[in-house]
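# Structure at a glance
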Amino acid sequence: MVGLGLVVLLLAGQGCRQDAEAQGQPDTDLNGKVVAGYQGWFAPEGDGANLGWFHYGVNHGKFEPGFCTFDMWPDVSEFDADELYATPFRFADGQVAKVFSSANRKTVDRHFKWMKDYGVDGAALQRFGSNLRSEKMRDWRDTILAHCREAADRHGRLWFIMYDLSGMNDETLETLIISDWKRLIDSGDFRKDTTHATYRGKPLVSLWGIGFDDNRRYSPSACAKLIDFLKNDPKYGGNAVMGGVPYFWREPVQTAKELRKDALPLSEMEAVYKQMDILSPWAVSRYADADEFVATLVKKDLAWCDANNIGYLPVFFPGFSWHNLEKARHRNAPLNFISRDGGKFLWRQAVAALQSGARMGYVAMFDEIDEGTAIFKVTNNPPVGDSPFATYEGLPSDHYLWLTGQIGKLLRNPSAADNELPKR
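As a starting point, this report considers the structure included with it. (Residues numbered from 1 in each chain as written. Predicted model: local features only at pLDDT ≥ 70, side-chain atom pairs only at ≥ 80, totals over all residues. Heavy atoms only, no water.)

### Some words on the nonpolar core
The biggest cluster of nonpolar side chains holds 140 residues, and the ones touching the most others in it are Leu30, Tyr163, Leu165, Trp181, Ile210, Tyr273 and Tyr362. With residues up to four places along the chain from it excluded, the contact list for Trp181 reads Ile161, Tyr163, Phe190, Arg191, Val205, Phe229, Leu230, Tyr236 and Asn239. (Core = buried A, V, L, I, M, F, W, Y, C linked by side-chain atoms within 4.5 Å. Buried < 20%, exposed > 50% of the residue type's maximum accessible area, 1.4 Å probe, protein only. Contact = heavy atoms within 4.5 Å.)

Below is the structure:
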């Protein structure tokens with residue numbers, strides 16, 4: 001039986017091709033662009049997905065003040081009534097606090113319009129291997145993919161799939177990831193969309209989670225097989241493959257306080273890394289001082305990539321906060337664990353990377369409120385009660401969308417890079 005999500009995907013493909021003909025073709029190469037990771041994984045009760053409060057965070061069967069798993073409350077003041085879902089949370093004046101659904105077509109379109117409005121070039125749509133185990137979850141992800149595809153076309157934004165391999169093993173890399181790719185391409189090859197991102201003339205696909213030293217159950221050889229399929233299969237290959245790799249992928253770094261290590265030895269992974277077209281080291285939570293690592297590591301990363309004719313996509317993140325998520329795991333973490341410093345932290349990462357020679361950027365993430373790395377609109381007046389929420393500390397709710405757009409301008413004119421935060 002064909003799921004609803006796949007039907008929507010097919011219909012979206014028809015619309016994308018027709019609309020693109022009318023709008024003209026954008027420059028799809030990732031070089032010179034800034035894109036944001038798009039989780040697209042929030043499902044409130046009442047949105048029709050029947051997933052409960054997925055990623056808003058049920059803890060011990062509850063979702064109420066004191067029991068949630070996200071640290072920032074989205075600003076939904078611009079949303080229409082059919083995009084809003086009531087929660088058990090309340091604002092200080094007693095009004096019901098509402099959230100959005102990632103599967104709402106209108107909301108996805110709104111998000112991509114924000115990208116256009118503020119100069120964010122596009123989105124890496126996260127597609128989680130763990131969601132592909134059940135038809136219900138897979139159908140839900142298909143629906144979100146279709147909405148993103150349609151919205152990207154309408155607003156002239158680039159997009160591509162980033163498979164998150166977390167939870168996979170050698171077998172499921174083939175039975176879930178490869179099978180899913182085949183199914184999606186057979187349903188209507190979205191790589192032909194005029195807004196699908198490319199790199200060096202090939203359609204782009206990303207695999208996140210290669211080379212991490214955190215007890216993952218898939219081997220380097222299985223990763224190599226997956227990459228080879230995506231690059232060389234006669235029907236489903238021909239793609240440029242990006243690898244989401246550990247921040248210290250080349251070598252661990254000894255600081256005054258500790259040894260920074262998050263990767264398998266380069267000797268085990270080098271052949272796999274050399275298969276890929278782009279490497280993108282995962283920077284989130286790896287440092288709290290942009291100057292400490294970015295300026296030193298990025299130059300060496302770029303030198304290695306240049307020597308091997310591989311592209312390099314540095315990751316920038318605005319800050320980090322997972323107090324409520326860690327509470328659900330029975331652990332303690334402070335709110336605003338890594339301070340945003342009014343945007344200076346994000347800006348310094350981008351400037352340091354550009355000054356080191358980087359020519360494209362990935363901001364993590366557009367909508368990630370679970371770990372407090374979101375750049376989309378967040379309210380400075382969240383609900384009150386037993387669950388605290390981080391804010392943009394009085395800055396406009398669109399501050400980080402605007403700042404990400406400014407990073408895009410820098411990528412197109414790197415000589416203008418300045419350590420000082422730009423003024424609006």
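Picking up where we left off.
### Digging into helix α3 (residues 135-155)
For α3, spanning 21 residues, the distance from its first C-alpha to its last is 30 Å, which sits close to the expected 30 Å at 1.5 Å a residue. Within α3, 17 of the 21 residues are buried, which leaves it mostly tucked inside the rest of the structure. Once α3 ends, the next one or two residues include Gly156, with phi positive near 65°. (Helix = DSSP H or I, 4+ residues; strand = E, 2+ residues; numbered from the N terminus. Expected span 1.5 Å × (residues − 1).)

### A short note on the environment of Asp75
Inspection of the secondary structure assignment puts Asp75 in the loop between β1 (34-38) and β2 (85-90). In this structure Asp75 comes out as buried when scored by relative accessible area, which is 15%. Along the primary structure Asp75 and Met162 are separated by 87 residues, whereas in three dimensions their C-alpha atoms are 26 Å apart. The contact partners of Asp75, leaving out residues within four places of it in the chain, are Trp114, Lys377, Val378, Thr379 and Ser397. For Asp75, the side chain forms a polar contact with the side chain of Ser397, separated by 3.0 Å. (Polar contact = N/O pair within 3.5 Å; in protein donor to acceptor, adjacent residues only side chain to side chain.)

### Digging into the pairing of strand β5 (residues 158-164)
In terms of burial, β5 is largely enclosed, as seven of its seven residues are buried. Judged by which residues are buried, β5 turns out to be covered on both faces: Leu158, Phe160, Met162 and Asp164 on one side and Trp159, Ile161 and Tyr163 on the other are all buried. Pairing geometry for strand β4 (residues 122-128) and β5, over seven bridges, is parallel. Bridge pairing in β5 places Gln126 opposite Met162. At this point the chain moves from β4, through α3, to the parallel β5, and the crossover so formed is right-handed. Relative to strand β7 (residues 202-208), β5 runs parallel, the two being bridged by three bridges. When the bridges of β7 are listed, Asp164 appears paired with Trp208. (Pairing = 2+ DSSP bridges. Right-handed = clockwise from strand over helix to strand, strands pointing away.)

### Digging into the pairing of β7
β7 sits mainly inside the fold: six of its seven residues count as buried. Taken together, the two bridges between strand β6 (residues 198-199) and β7 define a ladder with antiparallel strand orientation. The partner of Tyr199 across the bridge, within β7, is Lys202. Where β6 hands over to β7, the hairpin turn is made up of two residues, of which Arg200 adopts a positive phi near 55°. Pairing of β7 with strand β8 (residues 240-246), which is carried by five bridges, proceeds in the parallel orientation.

### Concerning the side chain of Arg250
By the secondary structure assignment, Arg250 is in the loop between β8 and β9 (253-254). We classify Arg250 as buried; its relative accessible area is 15%. A polar contact is formed between the side chain of Arg250 and the side chain of Asp301, at a distance of 2.5 Å. Excluding residues that lie within four positions of it along the chain, Arg250 makes contacts with Leu266, Leu297, Lys300, Asp301 and Trp304.

### Overview of empty space enclosed by the protein
All chains considered together, the criterion is met by three cavities of 30 Å³ or more. The computed volume of the largest cavity comes to approximately 50 Å³. Around the largest cavity, the lining residues are Tyr247, Pro281, Ala283, Tyr287, Val294, Val298, Tyr312, Pro314, Val315, Phe316 and Gln349. Elements with a minimum of two residues in the lining of the largest cavity: α7 (290-307) and β13 (315-316). (1 Å grid on protein atoms, 1.4 Å probe; cavity = no way out; pocket = protein on both sides within 12 Å on 5 of 7 lines; lining within 4 Å. Points joined across faces, edges and corners; volume = space filled by probe spheres on them.)

### A look at the pattern of salt bridges
Counting across every chain of the model gives 31 salt bridges. Measuring nitrogen to oxygen at the nearest pair gives 3.0 Å for the salt bridge that ties Asp180 to Arg183. Here the residue Asp180 and the residue Arg183 both occupy positions in helix α4 (residues 170-186), the gap between them amounting to three residues, near one helical turn. Considered together, Asp180 and Arg183 belong to a single accessibility category, that of buried residues. Look at the salt bridges and you will find they share partners, linking Asp80, Asp82, Glu83, Lys106 and Arg110 into a network. (Salt bridge = Lys/Arg side-chain N within 4 Å of Asp/Glu carboxyl O.)

### Here we look at the packing of helix α2 (residues 105-118) against α3
Closest axis-to-axis distance for the α2/α3 pair is 9 Å, and the angle between their directions is 40°. Looking at the two axes, α2 sits oblique to α3. Note that α2 runs across α3; the crossing there is right-handed. Residues Arg105, Val108, Asp109, Phe112, Lys113 and Lys116 of α2 pack against His147, Cys148, Glu150, Ala151, Ala152, Arg154 and His155 of α3. (Axes fitted to C-alpha atoms, helices over the stretch in contact; angles between N-to-C directions. Parallel < 35°, antiparallel > 145°, perpendicular 65-115°, else oblique. Left-handed = near helix turned anticlockwise from the far one by under 90°.)

### A few points about the packing of aromatic side chains
Overall, the coordinates contain 40 aromatic pairs when judged by the stated rule. Ring centres of Trp53 and Tyr56 lie 6.3 Å apart, and the angle between their planes is 75°; this geometry places the pair in the edge-to-face category. Like Tyr56, Trp53 is buried. Ring geometry for Phe248 versus Phe293: centroids 5.6 Å apart, planes at 80°, classification edge-to-face. Placement of the pair is Phe248 in the loop between β8 and β9 and Phe293 in helix α7, with a sequence separation of 45 residues. Just as Phe248 is buried, Phe293 falls in that class too. Geometry around Phe212 places Arg216 over its ring, the cationic atom sitting 5.1 Å from the centre. Looking at Arg340, its charged tip hangs above the ring of Tyr400, at a distance of 4.6 Å from the centre. (Phe/Tyr/Trp six-rings, centres within 6.5 Å; stacked < 30°, edge-to-face > 60°. Lys NZ or Arg CZ within 6 Å of the ring centre and 35° of its normal.)

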